[in-house]
Amino acid sequence: MVWLRLAVLVPRKSSFGPILKESKREMAREKCVLAYSGGMDSTISVVWIQEQYDMDVVTLTVDLGAGPEIVGVRERALQAGAVDSLVWDVRDEFVNEYVFPGLKAGAMYEGVYALSTALGRPLMAKKLVEAARQVGAAAVAHGCTGKGNDQVRFDSGIMTLAAHGDPLRIIAPAREWGMTRDEEKLYAAKAGLKLREVGSDRRVYSIDRNLWGQAIEGEDLEDTWVEPPEDAYSWTKPIAETPDQPVEVSIGFEKGTPVSIDGAAMPGVKLIDILNDMAGEHGVGRIDHLENRLVGIKSREVYETPAAIVLHTAIRALETSTMSREQQRVKATLSQIYADMVYDGRWFTELRTNIAAFMDSVHEYSTGDVRVRLHKGSCVVVGRRSPYSLYDFDLATYSTTDSFDHESATGFIDIYSLPARTQAKNQTYRDAR
Ligand code: ARG
């Protein structure tokens, strides 16, 4: 920072001796903020960007709740030659501004994928731009390849958020370098990098995780006929090892946001952590999906999203009690659009914001509790209640307290069936007399 300011103030041709030489050297190298996970690709990228682009690399590790992989990340980045390593804990922001809005929107891509990775990317893009502005970087970099959805999410997010101010270049080493897995390992060895993955002959899946779930790809999963091997999973138990006794858990919601477990209020991050553990223990949350990527490829995706399954199941149950039929129908239509938009990298758009506003509004009365039972891989709703429930016992009951006016039902049906009868008489059954 100091050198930058110096260099601006000092005219090019003055002779400030060693100080200026130093400042010029610093000046010459632009900075790039690299999204850094600590894995092999991202560690190689630290070296590669310095080499290929002659830039200083500042790594940014955005903690979205991926757990232990964050340990030692700073040291690894610096060891690989990063000039600085930022580690930002954004778990609360992730949950409150991305995960829970997605939950309220019922955002399940193709009906099964709770969008864990897809919801994380826009926030990472946002933080990359923030960090770049903070350190005065000319570029940002991410580790996506040229085959996936994530490059679209990163690039569109970054370009959208950086639309104002100095232009920000985007570097995507893994999309550009064209190295095979083995060449990458060779490159790492030559650069003297110590990587966890190198040398191990265990299956190395491509995993992306955050607190909302983990996505697992590659290795044996690429054969769609092969059942995912047990070592692909790490958050959920195989059914044979889950407890024989079911467990019941009650989730409290306020206006569509989960706020408590079994009556104990807690922040979202903790609530999700607890549900991941509880549901994972009972084998809940394994998804094996053949997915339509935005870039046109069908890919086999395995997910572990225990808390997401429990919460989506619970909120849907609450909605059946607190929303009218028409609200449910319109919401379902918008849910699908919203899910596609999140998947397709359209988070930072007016339309996504518009639909989110509808979701906030439609959940005005989604306050109450849902009880679910977790057992042998299933998550089943066993009870729901709300002070705003539209379920009226006296209207629904078949007992003597029944308050429904049976006589007006005949008048209702008379009017209701009028168009069908008219059409039958004049068209469909005209000749059936
Ligand atoms: N298919 C998912 C998505 O597009 C997950 C991709 C995550 N990447 C991975 N390396 N497993 O959101």
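Notes on the structure in this doc start here.

Reading guide: rules and limits
- Residues numbered from 1 in each chain as written.
- Predicted model: local features only at pLDDT ≥ 70, side-chain atom pairs only at ≥ 80, totals over all residues.
- Heavy atoms only, no water.
- Helix = DSSP H or I, 4+ residues; strand = E, 2+ residues; numbered from the N terminus.
- Buried < 20%, exposed > 50% of the residue type's maximum accessible area, 1.4 Å probe, protein only.
- Contact = heavy atoms within 4.5 Å.
- Areas by Shrake-Rupley, 256 points an atom, 1.4 Å probe, with all protein chains shown as cover.
- 1 Å grid on protein atoms, 1.4 Å probe; cavity = no way out; pocket = protein on both sides within 12 Å on 5 of 7 lines; lining within 4 Å.
- Points joined across faces, edges and corners; volume = space filled by probe spheres on them.
- Nonpolar A, V, L, I, M, F, W, Y, C, P; charged D, E, K, R; others polar.
- Salt bridge = Lys/Arg side-chain N within 4 Å of Asp/Glu carboxyl O.
- Pairing = 2+ DSSP bridges.
- Right-handed = clockwise from strand over helix to strand, strands pointing away.
- Polar contact = N/O pair within 3.5 Å; in protein donor to acceptor, adjacent residues only side chain to side chain.
- Axes fitted to C-alpha atoms, helices over the stretch in contact; angles between N-to-C directions.
- Left-handed = near helix turned anticlockwise from the far one by under 90°.
- Near = heavy atom within 4 Å.

**Quick word on the overall build of the protein chain**
Along its length, the protein chain carries 16 helices and 14 strands. Along the first, second and third principal axes, the C-alpha set of the protein chain runs to 100 × 55 × 50 Å. A total of 433 residues make up the protein chain; the buried ones form 45% of that total. Across the protein chain, contacts joining residues at least 24 apart in sequence account for 72% of those joining residues at least 6 apart. In the form shown here, the protein chain has an accessible surface area of approximately 22,800 Å², with 53% of it arising from carbon and sulfur atoms.

**Here's the deal with empty space enclosed by the protein**
Across all of its chains, the model carries one cavity of 30 Å³ or more by this definition. If you add up the space inside the largest cavity, you get close to 60 Å³. Every residue lining the largest cavity is listed: Ala118, Arg121, Pro122, Arg153, Gly157, Val342, Gly345, Arg346, Trp347 and Phe348. Counting residues per element, the ones that place at least two in the lining of the largest cavity are helix 6 (116–135) and helix 7 (150–161). Broken down by element, the lining of the largest cavity gets its largest block of residues, three residues, from helix 6. Partitioning the lining of the largest cavity into residue classes produces five nonpolar, two polar and three charged.

**A look at the pattern of salt bridges**
The full count for this structure, using the stated rule, is 29 salt bridges. Residues Lys331 and Glu319 are paired through a salt bridge, measuring 3.0 Å at the closest nitrogen-oxygen approach. Linking Lys331 in helix 12 (residues 325–343) with Glu319 in helix 11 (residues 306–322), this pair joins segments that are 12 residues apart in sequence. Each member of the pair, Lys331 as well as Glu319, carries the same accessibility label: buried. For Arg325, the salt bridge identified is with Glu326, shortest N-O distance 3.5 Å. Relative accessible area serves as the criterion here: at 54%, Arg325 is assigned to the exposed category. Salt bridges here are not isolated pairs; linked through shared partners, they connect Glu93, Lys126, Lys127 and Glu130.

**Digging into the pairing of strand 1 (residues 30–35)**
Judged from the six bridges that link them, strand 1 and strand 2 (residues 55–63) form a sheet pairing that is parallel. Residue Cys32 lies in a different strand from strand 2, and its bridge partner there is Val57. As for the winding sense of the linkage, the β-α-β connection from strand 1 through helix 3 (residues 40–53) to strand 2 is right-handed.

**Some details on the environment of Lys376**
Structurally, Lys376 is set in the loop between strand 13 (368–375) and strand 14 (378–385). Under the relative-accessibility criterion, Lys376 is labelled partly exposed at 30%. Sequence-distant contacts of Lys376, that is, excluding residues within four places in its chain, are made with Ile239, Thr242, Pro243, Asp244 and His282. Within the local environment of Lys376, its side chain forms a polar contact with the backbone oxygen of Thr242, the two atoms lying 2.8 Å apart.

**So, the environment of Lys331**
You can call Lys331 buried: its relative accessible area is 5%. Along the chain, Lys331 and Gly102 lie 229 residues apart, while their C-alpha atoms are 13 Å from each other. When near neighbours in sequence (up to four residues on either side) are disregarded, Lys331 contacts Lys104, Ala105, Gly106, Glu319, Met323, Phe358, Met359, Val362 and His363.

**Thoughts on the packing of helix 3 against helix 9 (residues 181–190)**
For the pair helix 3 and helix 9, interaxial distance at closest approach is 10 Å and the crossing angle is 65 degrees. Considering the relative orientation of helix 3 and helix 9, their crossing is left-handed. On helix 9, the residues that touch Met40, Asp41, Ile44, Val47, Trp48 and Glu51 of helix 3 are Arg181, Glu184, Lys185, Tyr187 and Ala188. Residue composition of the contact of helix 3 with helix 9, grouped by class: six nonpolar, no polar and five charged.

**What to know about the site of the ligand**
In the vicinity of the ligand lie 14 residues, with Tyr113, Asn149, Arg153, Ser206 and Glu291 positioned nearest. Tyr113 places a polar side-chain atom, nitrogen or oxygen, 2.5 Å from an oxygen atom of the ligand. For the ligand, whose unbound accessible area comes to 340 Å², protein coverage reaches 91%. Listed by contribution, the elements that provide at least two residues to the shell around the ligand are helix 6, helix 7, strand 6 (206–210), strand 7 (213–217) and strand 12 (298–304). When its residues are assigned to classes, the shell around the ligand shows five nonpolar, three polar and six charged.

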